[in-house]
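# Working through the structure, step by step
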Amino acid sequence: MKGFRPGIVPSLVVAVLVPVMVCLGFWQLSRGEQKRVLMDTYAERRVASPMDSTELAHTADPAFRPVTLQGQFDAEHSLLLDNRQHDGKVGVELLQPFLDHRTGLWLLVNRGWLPWPDRRTPPVFNTPEQPVSLQAWVYVAPGATFQLHADPASAPWPRLVTAIEPDKLWAELDRNGFNYELRQQSGPGAYRTDWPVVAMGPEKHLGYAVQWFAMAAALFGLFLYLGWHNAGRHHGKHHESNQHV
């Protein structure tokens, strides 16, 4: 463009930031679509009839499928999933190994959310001592959990964690276990069990995408304005120098 003088530094900044912002916008759109498909699958499968625990290990795609369990909790190896919130209150989710009597398979059952208002004292919970029957559903996370630091492998029980990894737990305990978390729906020992399917819905991803695209457009518009503005100033100075000559 003749006369367009944006400058080297602004050109480099725009050349780097605008493509990054556009890519982030499309990434948010992609994540939103993934979440929409996930929620549709959840809604469809959660209303299906519960399957027997004997079918669980042979199901190719167990995500969100309801299942009936009969067995006993292992209170000795409890996990407390940290940084969980409900209605603005802080707390943890309680997960415990559950030995299914029909299959002999160990399952990691999330018994629900419980408050933890004072971190100077451990959360208080009870575990049924007798065998129980309960309803649960298979939870498959939409992606890996972000962690600043990995959870310590040999922390004392009950163990405070920031991510759930059933396969590592079964390897540590040397048990034959199912590699997905099951979330208790009802039955003895259930705490608060109204989990959201995803922490961020598709509509929020769409909103973030719009923000990234808007910032990219604003930055490129500012780049064009400065380029033409600098060109005008340069032309004015050149015209004045010619008059003096």
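Because the structure is a prediction, the values reported are computed rather than measured.

### As for the UniProt feature "transmembrane region" (unreviewed entry) in the protein chain
- The sites that UniProt annotates as "transmembrane region" (unreviewed entry) are residues 12-29 and 209-228.
- Counted over residues 12-29, helix gives 100% and strand 0%. Its end C-alpha atoms are 27 Å apart.

### What to know about the packing of aromatic side chains
- Considering all chains together, one arrives at five aromatic pairs under this definition.
- Aromatic pair phenylalanine 26 and phenylalanine 213: ring centres 5.1 Å apart, planes at 70°, arrangement edge-to-face. Of the two residues, phenylalanine 26 sits in helix H1 (residues 8-46) while phenylalanine 213 sits in helix H4 (residues 202-244), which places them 187 residues apart along the sequence.
- Residue classification places phenylalanine 26 among the exposed residues on the basis of a relative accessible area of 52%.
- Considering the side-chain rings of tryptophan 137 and tyrosine 139, the 6.2 Å spacing of their centres and the 80° angle between planes classify their relative orientation as edge-to-face.
- Residue tryptophan 137 is classed as buried on the basis of its relative accessible area of 3%.
- With a relative accessible area of 14%, tyrosine 139 lands in the buried category.
- Through a chain of ring-to-ring contacts, three or more aromatic side chains come together here, namely Phe64, Trp137 and Tyr139.

### Focus: the environment of glutamate 181
- Mapping glutamate 181 onto the fold places it in strand S8 (residues 177-186).
- Excluding its chain neighbours within four sequence positions, the residues that come into contact with glutamate 181 are Leu95, Leu108, Asn110, Trp137, Val138, Tyr139, Ile164 and Pro166.
- A distance of 2.9 Å separates polar atoms of two side chains, one belonging to glutamate 181 and the other to asparagine 110.

Parameters at a glance
Residues numbered from 1 in each chain as written. Predicted model: local features only at pLDDT ≥ 70, side-chain atom pairs only at ≥ 80, totals over all residues. Heavy atoms only, no water. UniProt positions renumbered as here; feature names shortened; annotations may be inferred. Helix = DSSP H or I, 4+ residues; strand = E, 2+ residues; numbered from the N terminus. Phe/Tyr/Trp six-rings, centres within 6.5 Å; stacked < 30°, edge-to-face > 60°. Buried < 20%, exposed > 50% of the residue type's maximum accessible area, 1.4 Å probe, protein only. Contact = heavy atoms within 4.5 Å. Polar contact = N/O pair within 3.5 Å; in protein donor to acceptor, adjacent residues only side chain to side chain.

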